[in-house]
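A look at the structure
Take a look at the letters that make up each chain.
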Amino acid sequence: MYELLEPGNGGFTVAQLASASGGCDPNDAPAVDPGAESVHEAHAFRITQARALRDVPAHLHPGRGRVHVLAARSRCASGLDVDLVLGDGEWHAAARYFSTADDEDRMTELRGEPTPPGPGGPAAGRLALVLSGGGARAAYQVGVLSAIAEEAPDLAIPILTGVSAGAINTVYLASHRGPFAHAVSDLRTEWGRLSARRVYAVRPINLSRAVLRWIGNMLAFRRIPQPSLRGLMDASPLRGFLAACIDIAGIRRNVDAGRLRAVALSATSYSTGQTVTFVQGSSDLPLWARSMRVAVRVPIAIDHLMASAAIPLVFPAARVGDAFYGDGSVRQTAPLAPAIHLGADRIIAISMRTGSPAATARPLGDYPVAAQVFGLLLHSIFMDTLDADAERLERLNQLLRRIPPTAEPPDLRPIDLLLLRPSRDIGSLAGTGSIQLPPVVRFLISSIGGGQTRSADLLSYLMFDPDFTGLLMELGYEDTRARRDDVVRFLEE
C-alpha cells in the first residue's frame, strides 16, 4: 500500500519532501523547528496512489474532513524524531502511524492538537451537538442536521452528547467513518428503513398472562411475586437494528484519529435515581459529580444506548454492569451540562418544542383521557428540561457579559448556543393521516384514549413509520433552511 522513498545523500530536506508530494511549493515548506534545526535525515512514506484523500482531524483543516496527505518521519541534527504531515499544501508536526487494515491510514496523538483544557477553561472553538429524546420525534433532528450538512459538509463537531432517541443519533454520528455530510446522509437512510416492528414488539399473550396473574393475586390477597412483565413493549428488535447499523468500534477509531473528542449519553439509574452520563473520548476528559448527576468513563456499547432509550413502563430496564437503567431524560434537569463539562464553548441544540405556545394550544373539549395525560407526561420528560436549561444558560451568559473581564469568575465562561426547534407542533402532525402501528399497539392506545386526535401527542412518540418520520425530517430540514442566516453566522463565529 505504501512505498518507501529512499533518501539521497544526506537524506531528504523538508523542501524535497514537499516537492515529492507533487503539489506543495517547496519554498513554502517550513523548517521542522523554525529558527533552530534543519532536517538531518528523513524517510518519507508516500501512498502509492499519490496523495490520496484521507481523513484528518479538524484542527489541522477546520471544516475539511478529508484532504490529500503525504507523511514523513524526519530526524533533526540533534537526533530528535519529528513526524511531518503534508495536507493540501500545509505542513504540520504530528505523531503518525500507518495501518494497512481496510486500506486506511490514520493520524493519532497529533502534536498540533489544541492544548487540553486547564484550570483556566477549555480550548477555544470547541463545538458540541446536544440531541434530546422523544422517540419517533427524533427524526426531526435528522432533518435539521441535513440542512446544516448542506451548508457545512465537512463540519467538525468534536463533542457529541445525547439522551434517549437522541443518544441513538449521537452514537451513529460518533461512530461514522466519513465526513459530516456522509454521516448525516447515512443516518437519514437508516431512519427511512425504520418501522415500528424494528423498534418494539408487543406480545399479547405475555401481556394478558401478566394482567390476569396480577388480578388473581389481588383478589386472593396474595403477595404479588416478582413481575414477569417488565415493560409493555419488548425492545429487542431495536437492539438488533442498532447492532446491525452502528459500527460501535468506529467511536474508538474517531477518537484515536482526533476527529472526536468526546461522546456522551445519559441514562437514569434505578438503584440511585441519579442521571448517569456515560462518556468515551480523549484521555484528558474531565468527569463530574453533581447533585443527582454523575459521569463515568466507559467504552460506549449497545447496552448503553438501550439504557438511555428505555422509557419507563414502556420498555424494560436495561442492564449495564451490575445496575439497571432507564431513559436518561427522566431525571435529567440540565441536558446542556454534559457538553459544557466536556469543554464546549459553542453548542448546537435541537428542541422538540415549538417556540409559540399558541402553536400547541388545543381547544377545550371533554375531560382529558388517559392517552392525553400520558402524552403530557412524556412531554415533561422529553421536552421541558432542554428549553428550561437553555433559558438558564442565556441568563448566565447575559450576566457574564456584564462582568468586567478582570472580575470574571475563573470557573464560569460564556457559552454560545444555537437552539433550533420545530415551527409546527409535532403532535398535531401525528393526529392527521393514517396510523401505521401494530394492531395490538393501536388497540392499547384506543383503549386509553379514544380517537386519533386526542391521543396524537402519545402517538407522536411511537409512530416509527417512514411516512411520519419522513415528514418530520422534511420539517426539520425546512425549519433549519428558514434560519439559514442564523446557522451560517453561528458556524462562522
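To start, this report covers the structure provided alongside it. (Residues numbered from 1 in each chain as written. Predicted model: local features only at pLDDT ≥ 70, side-chain atom pairs only at ≥ 80, totals over all residues. Heavy atoms only, no water.)

**Quick look at the side chain of Ser-269**
Stated formally: The way it works is that DSSP assigns letters per residue, a run of H or I at least four long becomes a helix, a run of E at least two long becomes a strand, and they are numbered from the N terminus. For every residue, the accessible area obtained with a 1.4 Å probe (protein chains only) is divided by the maximum for its type, and the residue is called buried under 20%, exposed over 50%, and partly exposed between those limits. Contact definition: two residues touch when any of their heavy atoms are within 4.5 Å.
With respect to the element layout, Ser-269 can be found in strand E11 (residues 262-269). Classification of Ser-269 by relative accessible area gives buried; the value is 5%. Excluding anything up to four places from it in sequence, Ser-269 contacts Gln-274, Val-276, Phe-324 and Tyr-325.

**Structural notes on the environment of Val-320**
Assignment of secondary structure puts Val-320 in strand E15 (residues 318-320). Each C-alpha atom, one on Val-320 and one on Ala-307, is 7.5 Å from the other, the two residues being 13 residues apart in sequence.

**Thoughts on unusual backbone geometry**
Non-glycine residue Ser-164 carries a positive phi angle of around 60°. Structurally, Ser-164 can be placed in the loop between strand E10 (159-163) and helix H3 (165-175). Take Ser-164: its relative accessible area is 2%, and that puts it in the buried class. Its identity is not glycine, yet Met-292 carries a phi of approximately 65°, on the positive side.

**Thoughts on the nonpolar core**
The condition that has to hold: Among buried residues, those of type Ala, Val, Leu, Ile, Met, Phe, Trp, Tyr and Cys that are joined through side-chain atoms within 4.5 Å constitute a nonpolar core.
Grouped together as the largest cluster of nonpolar side chains are 92 residues, with contacts concentrated most on Trp-191, Tyr-200, Leu-242 and Leu-305. Residue contacts for Tyr-200: discarding those within four places in its chain leaves Met-233, Asp-234, Pro-237, Phe-315, Leu-437, Pro-438, Val-441, Leu-462 and Phe-464. With 21 residues, the next largest nonpolar core counts Ala-128, Leu-336, Ile-347 and Leu-419 among its residues.

**Quick word on helix H17 (residues 484-492)**
At 3.6 residues per turn, the α-helix brings residues three or four places apart onto the same side. Selection rule: Arc definition: directions from the helix axis to the C-beta atoms.
Buried within H17 we find Val-487, Val-488 and Phe-490. Buried residues of H17, seen end-on, are gathered within an arc of 165° and therefore sit on one face of the element. Projecting away from the buried face of H17 at angles above 90 degrees are the exposed residues Asp-485 and Glu-492. Tucked inside the fold, the buried residues of H17 contact strand E9 (127-131), helix H2 (139-151), strand E17 (346-350), strand E18 (416-420) and helix H16 (466-482).

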